[in-house]
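# Close look at the chain arrangement
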Amino acid sequence: MAESDTIDPGLDPVGRVAELRAAIAHHNQRYYEADAPEISDADYDELVRELALIEAEHPDLVTPDSPTQRPGGSASAQFAPVVHQVAMMSLDNAFDDGELRAWGDRLVRRIETAAQATFVCEPKIDGLAISIRYEHGRFVQAATRGDGRVGEDVTANVGTLSCVPHQLPAGAPSVLEVRGEVYMPVSAFEALNARQDAAGERRFVNPRNSAAGSLRQKDATVTASRELALWAYQLGAIEDGPSFERHADTLEFLRSLGLPVNPEIRSVPTLEEVYAYCREWEARRHDLDYEIDGVVVKLDDLALRTALGSTSRAPRWAIAYKFPPEERTTPLRAIQVSIGRTGRATPFAVLEPVFVGGSTVGMATLHNEDQVRIKDVRPGDVVVVRKAGDVIPEVVRPVLELRPEGLAEWTFPTTCPACGEALVRAKGESDTFCVNVDCPAQRAGRIIHFASRGAMDIEGLGEQRVYQLCDLGLVADVADIYTIDWDQVLALEGYGELSVANLRSAIEASKDQPLARLLVGLNVRHLGPAGAEALAAGFGSLDAIMVASEDTLAAVEGVGPIIARSVVEFFAVERNRIVVDKLRAAGVNLNGPVGGVGAVLDQTLTGRSVVVTGTLAAYTREEAEAAIKARGGKSPGSVSKRTTAVVVGDEPGASKLTKAEELGVPILDEAGFETLLETGELP
Ligand code: IVH
């Protein structure tokens, strides 16, 4: 048993089982009904696995409605319910070669003659399971899997798929239910996103989500515009049709009726060949124009299938071998350095865009100078890229075999790419800084931060627009936002009357934001949301904070000496006081909650545990922990299966990150952390 499979002995199984079931139900809803999953498939699988493991050790805790006993989805109220004539089952998973072999061995032990043990190997299509019903050869109904027993009626939608015949050839069975996967070809997905880009609309994250979203449309003309396809892989109900002995023959029959059956499906006579097929497709998965996330192995002999039967959730005669998290290789075009609002110079990899772990990656942080040296990645290398915890893109290593001879090592620039001033790396520090406070990149960074969701939350004032306004000299500090010359903006490309009107009203509305948000937006070093809230609640106005001594500030619960010193230093700088004057003149709210008492925060993290590792930009470690606790959560020092998420800043602790990956705990960047604090949901 792998280390991650063991149960923490200190754990209360009853509580944990309830927790896991609630989490699984939530994620089922996000995946099957909202088509907007919050966690990766691997993370989801890990939850089910942990639940199954506890139930195996405590059989008394198994209930018929446990997610281990039935497939994941449920029908939503949006579509009419359809009862499947034959239940649509799920599959058990094997996550590595060992688990696959264990399944094979178990199966073979139960089988009497070797002749029975032939298999059909099928690519596991990453789409949406569908059952299609034909009566007397006519397409009459299509339904999603739902909870396996009752699905959703998507007849009109599936009817728009060009590869689904509406009429089968003469002599078709009087009833035929066929199961398959609706998917979006990768090429269609890319074309769809190109169209979304052109229309200025939101991009789709991956082919599976866009297939599910496209199919489950109230208006089937939307489905028709989305180029969906189907692979049929399983016979459901059949009446007045031929009888079959082997699964391979059923597939051949479906093919003969004009249904699309995947040509990569192969019958193999031995388990060794099953394993070889899995290895082959693990290596070749990207040769296909559709996404696969594993291989489905099915016993070919149908009589034997019936004899083996099923658990309430999945058949014993089939298994889904899931591919491990993806790594892809791609050329490293360049290493560039970005300058943040604090002046920190962060190197990042500019990659030939590559589709990995469910989305396209074109950039990945390299953290700092030492990290680049340790990884020894050089522009011109081909590098291995993966998603840390399926979220944050990461350059793993160079492929040394492919390194061109004499490829030069990358050296950290000595001057700031934005302002040309010298970059400074203090002795003993890992970070390098541009120390010119007038650096245009820092200025833009400060304004972007001021307008961001965690601070003044000005919708429509994102990075691109801030850069544009800065380049044109329309804004130089955060207060200039309130005195923009809008006639000049209207003359710019990309700004219509409506978008300018929207932006102006968002800026106007931000004047009434609470003091704590303004404090966060001012870019005081070390001061994040929790400290800002404590200060706003403790002092009640910006003026009071500006004149308070270091000791008075530090005496406020949740502030402490580091923030206190930083606040005093910030307001000692004349240019910062001028910014405050400009904000006051513009009518921005500088007062805190009435009576100086902080409002109780939404308890978004009740009962959850969030581990923080590495340096965050807007929070000290204490602040991050205080922010979690202030919302009802816990922030322990180590990662366990009960950890809701691990928040990763710069230079995270390797052991925490590895542990999180091992346990499938979601990994969040700082933006994800903000979302989690605010909404309690994983982004
Ligand atoms: S057979 C009882 N074959 O994987 C057997 N499923 O994890 C039912 N899937 O719900 C499924 N490709 O959505 C089967 N070639 C294939 C498949 C496949 C993808 C999906 C299907 C199923 C899920 C189970």
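A brief look at the structure comes next. The shown structure was predicted, so the numbers you read here are calculated from the model rather than taken from an experiment.

Taken as a whole, this structure holds 13 aromatic pairs when the rule is applied. For the pair Tyr 277 and Trp 281, a centre-to-centre distance of 6.4 Å together with 55° between the ring planes defines the contact as tilted. Highlighted residues: Tyr 277 and Trp 281, both in helix α9 (residues 271-284), separated by four residues, approximately one helical turn. By relative accessible area, which is 0% here, Trp 281 ends up buried.

So, on to the site of the ligand. Taken together, 14 residues surround the ligand, and among them Glu 122, Ile 125, Arg 145, Glu 181 and Tyr 233 come closest. Between the ligand and the protein, one listed contact pairs an oxygen atom with a side-chain N or O atom of Lys 124 at 3.2 Å. Glu 181 has a polar side-chain atom sitting 2.7 Å from an oxygen atom of the ligand. Of all the secondary-structure elements, those providing two or more residues to the shell around the ligand are β3 (119-125) and β10 (292-299). The dominant element in the shell around the ligand, judged by the number of residues it contributes, is β3, at four residues. Partitioned by chemical class, the residues of the shell around the ligand number nine nonpolar, no polar and five charged.

Of all 11 residues in helix α17 (residues 529-539), nine are buried, a share of seventy percent or more. All of the buried residues in α17 are Pro 529, Ala 530, Gly 531, Ala 532, Ala 534, Leu 535, Ala 536, Ala 537 and Phe 539.

Another point: the environment of Asp 45. With respect to the helices, strands and loops of the structure, Asp 45 is situated in helix α2 (residues 41-57). It is 9.4 Å that separates the C-alpha atoms of Asp 45 and Ile 24, two residues lying 21 residues apart in sequence. Ignoring anything within four residues of it in the chain, the contact list for Asp 45 reads Asn 93, Phe 95 and Lys 322.

Turning our eyes to something else, we now look at the packing of helix α3 (residues 97-110) against α9. Axis separation between α3 and α9 bottoms out at 11 Å; the angle between their running directions is 155°. Viewed along their axes, α3 and α9 adopt a mutual orientation that is roughly antiparallel. Crossing handedness for the pair α3 and α9: right-handed. Here Asp 97, Leu 100, Arg 101, Gly 104, Asp 105 and Val 108 of α3 lie close against α9, whose contacting residues are Leu 271, Glu 272, Tyr 275, Cys 278 and Arg 279. In the contact of α3 with α9, the residues fall into five nonpolar, one polar and five charged.

In total, this model carries 35 salt bridges according to the counting rule given. Residue Glu 177 is joined to Arg 133 by a salt bridge in which the shortest nitrogen-to-oxygen separation is 3.0 Å. Placement of Glu 177 in strand β7 (residues 175-183) and of Arg 133 in strand β4 (residues 128-135) is noted, with a sequence separation of 44 residues between them. On the basis of relative accessibility, which here comes to 5%, the residue Glu 177 falls in the buried class.

A word on the side chain of Thr 330. Mapped onto the fold, Thr 330 is located in strand β12 (residues 327-339). If near-sequence neighbours (up to four positions away) are discounted, Thr 330 is found in contact with Leu 351, Glu 352, Val 354, Asp 381, Val 382, Val 383 and Val 385.

Turning next to helix α15 (residues 497-510). With 14 residues, α15 ought to run about 20 Å at 1.5 Å a step, and its terminal C-alpha atoms sit 20 Å apart, in line with that. Inspection of α15 places Val 500, Leu 503, Ala 506, Ile 507 and Ser 510 among the buried residues, and these make up the whole buried set. The buried side chains of α15 occupy one side of the element, clustering within an arc of 125° when seen end-on. More than 90 degrees from the buried face of α15, the exposed residues found are Glu 497 and Leu 498. The inward-facing, buried residues of α15 contact α13 (463-471) and α14 (486-490).

A few words now on unusual backbone geometry. One non-glycine residue with positive phi stands out, namely Asp 240, at about 55°. Of the residues examined, Asp 240 reaches a relative accessible area of 66% and is grouped as exposed. With a phi angle near 70°, Asn 523 is a residue other than glycine that sits in the positive phi range. Within the fold, Asn 523 resides in the loop between α16 (515-521) and α17. Judged by relative accessible area, which is 13%, Asn 523 ranks as buried.

The rules behind each value
Residue numbers run consecutively from 1 along every chain, following the written order of its sequence. The model is predicted, so local features are restricted to residues of pLDDT at least 70 and side-chain atom pairs to those at 80 or more, both for listing and for counting; the totals for chains, interfaces and linings are taken over all residues. Each side-chain value is worked out from all heavy atoms of the structure, with water and hydrogens disregarded. Aromatic contacts are taken between Phe, Tyr and Trp rings whose centres are within 6.5 Å, Trp giving its six-membered ring; a plane angle under 30 degrees counts as stacked, one over 60 as edge-to-face, and the others as tilted. Under the scheme used here, helices are H or I runs from DSSP no shorter than 4 residues and strands are E runs no shorter than 2 residues, and both carry numbers assigned from the N terminus. Here the term buried applies to any residue with accessible area under 20% of the maximum for its type, exposed to any over 50%, and partly exposed to those in between, with areas from a 1.4 Å probe on protein chains only. Any residue with a heavy atom positioned within 4 Å of a molecule or strand is treated as near that molecule or strand. Here a polar contact means two N or O atoms within 3.5 Å. Within protein one must be a hydrogen donor candidate and the other an acceptor candidate, and residues neighboring in sequence count only if both atoms are side-chain atoms. Classes in brief: Ala, Val, Leu, Ile, Met, Phe, Trp, Tyr, Cys and Pro nonpolar; Asp, Glu, Lys and Arg charged; the others, Gly included, polar. Here a residue-residue contact requires only that any non-hydrogen atoms of the pair lie within 4.5 Å. Throughout, an axis means a line fitted to C-alpha atoms (over the contacting stretch in the case of helices), and angles, computed between N-to-C directions, take values from 0 to 180 degrees. Roughly parallel refers to an angle under 35 degrees, roughly antiparallel to one over 145, roughly perpendicular to one between 65 and 115, and oblique to any angle outside these ranges. Handedness of each helix crossing follows the sense of rotation of the near helix against the far helix: counterclockwise by less than a right angle gives left-handed, clockwise gives right-handed. When a carboxyl oxygen of Asp or Glu is within 4 Å of a side-chain nitrogen of Lys or Arg, the pair counts as a salt bridge. Expected helix span is given by 1.5 Å per residue-to-residue step, counting one fewer step than there are residues. Here the arc refers to the directions that run from the helix axis out to each C-beta atom.

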